[in-house]
Amino acid sequence: MLLLLGLCLGLSLCVGSQEEARSWGHSSEQVGLRVPRQVRLLQRLKTKPLMTEFSVKSTIISRYAFTTVSCKMLNRASEDQEIEFQMQIPAAAFITNFTMLIGDKVYQGEITERGKKNDDRVKEKRNKTTEENGEKGTEIFRASAVIPSKDKAAFFLSYEELLQRRLGKHEHSISVRPQQLAGRLSVDVNILESAGIASLEVLPLHNSRHRGSGRGEDDSGPPPSTVINQNETFAHILFKPSVVQQAKIAQNGILGDFIIRYDVKREQSIGDIQVLNGYFVHYFAPKDLPPLPKNVVFVLDSSASMVGTKLRQTKDALFTILHDLRPQDRFSIIGFSNRIKVWKDHLISVTPDSIRDGKVYIHHMSPTGGKGTDINEALQTAIRLLNKYMAHSDGGDRSVSLIIFLTDGKPTVGETHTLKILNNTREAARGQVCIFTIGIGTDVDFRLLEKLSLENCGLTRRVHEEEDAGSQLIGFYDEIRTPLLSDIHIDYHPSSVVQATKTLFPNYFNGSEIIIAGKLVDRKLDHLHVEVTASNSKKFIILKTDVPVGPQKVGKDVLGSPRPEGDGEGDPNHIERLWSYLTTKELLSSWLQSDDGPEKERLRQRAQALAMSYHFLTPFTSMKLKGPSPRTDGLEEAHGMSAAMGPEPVVQSVRGAGTQPGPSLEKPYQPRIKISRTSVDGDPHFVVDFPLSRLTVCFNIDGEPGDILRLVSDHMHSGVTVNGELIGAPAPPNGHKKQRTYFRTITILINKPERSYLEVTPSRVILDGGDRLVLPCNQSVVVGSRGLEVSVSANANVTVTIQGSIAFVILIHLYKKPAPFQRHHLGFYIANSEGLSAKCHGLLGQFLNQDARLTEDDAGPSQNLTHPPLLQAGEGPEAVLTVKGHRVPVVWKQRKIYNGEEQIDCWFARNNAAKLIDGEYKDYLASHPFDTEMTLGRGMSREP
């Protein structure tokens, strides 16, 4: 079996051959049974591997996020088929675990030192264009495997990240890109912040820049089906859209990011310090300080490649930014291509006149000088301007010097050697100038920009050409627009703390956060002494405190399940993992900046050893797939826990060690259908919901076996007709009926935009639109085409979605050992009727656009008719139902609703729904399963 594993990282690392890993849905296999009229329309759908489940569980403890992605797929082809799993992960995250289940075999990922030869045919290669494969700020993990015919596969991916604070919010973004409608889809996030949650919001799904993505009907607020529960320190967010809701968001499957933003409460000026089992983390984010003056030079690429939208958007953004400068700030503007154009040879004070003049200069900036870009000289000129101002300014006036550098190209004029440009910039800036870089498009030398920012206390951002460069530039500037402190030193007594992460910071910007983590020398320490010194405007700030360090231990995780038993040292420690994450990141950054050979190797070895110890996949480690080994019961549950418990090896953390290895059988998925009560099920019992008046009406139809009942008739308008065929069975012993009838077949005819036929039985679904596809009901599958989506949950239900505005759910009722009076049968439920017209008819359809009201029976006592009291036995009070102008005697009953959710209370119309339905029973009989003729209309007159 060929196994391919791929990870594309920001340091040009790609494990796995992307040429060998096929893209989604391009296999030549066919899904579905071959039948004489099988055609090209559904051939593509049948070749695509089918995703039965896509779920993400994420647990955030004190800004540190553990995330596990589970994906289950099905190969319904008649031959072996290659299936690929891919997941976008945040660029800052470390993958900690990956496991594949193929049939009853387990392939377990293992982090190894990079460079060792592996024996499992995992292939490695360098990839120099990996950033383009993912969205902004993300990388793509890929894994593919050959799956035997009719078999299943499951993929489990775990990763960790420390959430950064930007513009006053921590953001957790989860990629939801199943590439198709998934049978089950969920994003489950838990947040635990001991300091308290100050604010929390779930954004609308953030669209991908790729075509084919779509937003739901409501572009404000959380995505449909999102449920948020929170208290002072804990929040639980669950996004669990049904197939119908997924189709409303995007017909071919959701393609976007599920984004949570939150902030925590901050009371102490020195910050929040947390300690757990010998490790500490210090969050420092002061507020309510006067802003520092800033000296800023805007360096803009004006070469010919910027012509058009890119330069226009950049200019518009600069107009906005100039208006935002404060009176105490100073600024200048430089345009560069193969030549350098300086607006002023010195920094200008912010006044209404200088802002106006700056805008005029930017307005007249035009692409010149061909496509050449002299990046080195542009940076040198900007640094000279800043150094000149600082040399002549009042020494007591503390300010922050920044360069905002934007380009879409590579150095092609003047000094073009990357190492020389970096050395020249570093020597000129001397740590006194911070450089913030923005790269636009795919031709930019992003590695150079990244190093320029890393080496000069700045940040870097990538902007894709399809995106709004102007808004990206404004957003980037907003992060650094308000410097509050400079030259920040955070010190801990050396006798108390060892191996602390970086404690010196050149600047602190409002809305961000400084994070330091480290080890305590003595975990029994009572107090931790902390001292913070920094510059603010014209004075130094000194903060000192002793933080009490009591014995702290987490006894339960945020999900409420007990931690593994132990003395505390073996328990998952989120602060220890946060420390290891930060330390590894800093070692990688130092390695990237270093040009000294021995020092670079020393940094590499330290980073590799730490990554191996904590199971981080980095440029210095790789992932090897061990296996195959027999699947063990409980493996999937253990993966579900790993988001909260940390990245312990999954096979070792499986509960129930005494379980014999071997294949485990999945229980069929039995969902609880929460839909409209308007339905028909059982013998057959009809239920009609009138939501406006909060009334539910029910009735029975005593048909004959073989009868075909018209359930929904809207052929002339929406083009949809639904018929149901009855099957007979003997009545139970001692029953008052001679026989029972059930629906054995539901047929749906869709006439718009093109004609399609759908036939559902308890054992199979036949979809025929000129093309024919047969789907067994004992396997989960999702198919769709031309606005029609059909989702089968194995042995549970079939969901049919038409044009995103009509949805029917057909429940499958099966018996293991049916009694003589039992038959496998179907229930029909209307989940969404928005797309059906006002003239829709049929036994159920005629009530969809109606309302009803109750009046007391003239002979009966006064009652609360909407919610009458339940009686101990027998039927409740009688009343008169007025619907469609007809007065119908009804009686209060309690009836079981067949989706298994609840007992329902309803007003029951006797005598085969006489006077309730238009016409009589025979008017609703169809001549054949796909008969669309309906002679009975809503406008017919009849006596009540």
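In the block above lies the structure referred to throughout.
Residues numbered from 1 in each chain as written. Predicted model: local features only at pLDDT ≥ 70, side-chain atom pairs only at ≥ 80, totals over all residues. Heavy atoms only, no water.

## Re helix H5 (residues 375–392)
Alright, step 1. Counted at 1.5 Å a residue, the expected span for H5 with its 18 residues is 26 Å, and the 27 Å between its end C-alpha atoms agrees.
Alright, step 2. Along H5, the residues classified as buried are Ile 375, Asn 376, Ala 378, Leu 379, Gln 380, Thr 381, Ala 382, Ile 383, Leu 385, Leu 386, Asn 387 and Tyr 389. (Helix = DSSP H or I, 4+ residues; strand = E, 2+ residues; numbered from the N terminus. Expected span 1.5 Å × (residues − 1). Buried < 20%, exposed > 50% of the residue type's maximum accessible area, 1.4 Å probe, protein only.)

## Some remarks on the state of the cysteines
Alright, step 1. As enumerated under the stated definition, the model contains two disulfides in all.
Alright, step 2. In this model, Cys 434 is linked to Cys 457 through a disulfide, with the two sulfur atoms separated by 2.0 Å. Disulfide Cys 434-Cys 457: the torsion about the S-S bond is -105°, which places it as left-handed. Of this pair, Cys 434 sits in strand S26 (residues 434–440) while Cys 457 sits in the loop between helix H7 (446–455) and strand S27 (460–463), and the two are 23 residues apart along the sequence.
Alright, step 3. Classification of Cys 434 as buried rests on a relative accessible area of 3%.
Alright, step 4. Shown here for the chain is a disulfide pattern of 1-2, 3-4, where each number marks a bonded cysteine counted in sequence order. (Disulfide = S-S within 2.5 Å.)

## A word on the packing of helix H9 (residues 574–593) against helix H10 (residues 597–614)
Alright, step 1. Closest axis-to-axis distance for the H9/H10 pair is 9 Å, and the angle between their directions is 155°. The angle between the axes of H9 and H10 places the two elements in the roughly antiparallel class. Where H9 crosses over H10, the two elements pack in a sense that is left-handed. Here Glu 576, Arg 577, Trp 579, Ser 580, Thr 583, Thr 584, Leu 587, Leu 588, Ser 590, Trp 591 and Leu 592 of H9 lie close against H10, whose contacting residues are Lys 600, Leu 603, Arg 604, Arg 606, Ala 607, Leu 610 and Tyr 614. (Axes fitted to C-alpha atoms, helices over the stretch in contact; angles between N-to-C directions. Parallel < 35°, antiparallel > 145°, perpendicular 65-115°, else oblique. Left-handed = near helix turned anticlockwise from the far one by under 90°. Contact = heavy atoms within 4.5 Å.)

## Here's the deal with the sheet that holds strand S33 (residues 539–548)
Alright, step 1. Spatially, the four strands line up as an open sheet ordered S30-S28-S32-S33, and their pairing is antiparallel. Two strands in the sheet have a free side with no partner beyond their single neighbour: strand S30 (504–509) and S33. When strand polarity is set aside, the average angle formed by the axes of neighbouring strands in this sheet is 25°.
Alright, step 2. With five bridges joining them, strand S28 (residues 483–492) and strand S32 (residues 527–536) adopt antiparallel strand pairing. The residue of S32 that forms the bridge with Ser 486 is Ser 535. (Pairing = 2+ DSSP bridges.)

## Remarks on the environment of Val 498
Alright, step 1. In this structure, Val 498 sits in strand S29 (residues 497–498).
Alright, step 2. For Val 498, a relative accessible area of 36% gives the class partly exposed.
Alright, step 3. For Val 498, the contacting residues outside a window of four places in its chain are Gly 518, Lys 519 and Val 521.

## As for the nonpolar core
Alright, step 1. Phe 699, Leu 711, Ile 748, Val 798, Phe 828, Leu 881 and Leu 916 are the most contacted members of the largest nonpolar core, which has 63 residues in total.
Alright, step 2. Within the second largest apolar cluster, 51 residues are counted, among which are Val 69, Met 87, Leu 157 and Tyr 262. (Core = buried A, V, L, I, M, F, W, Y, C linked by side-chain atoms within 4.5 Å.)

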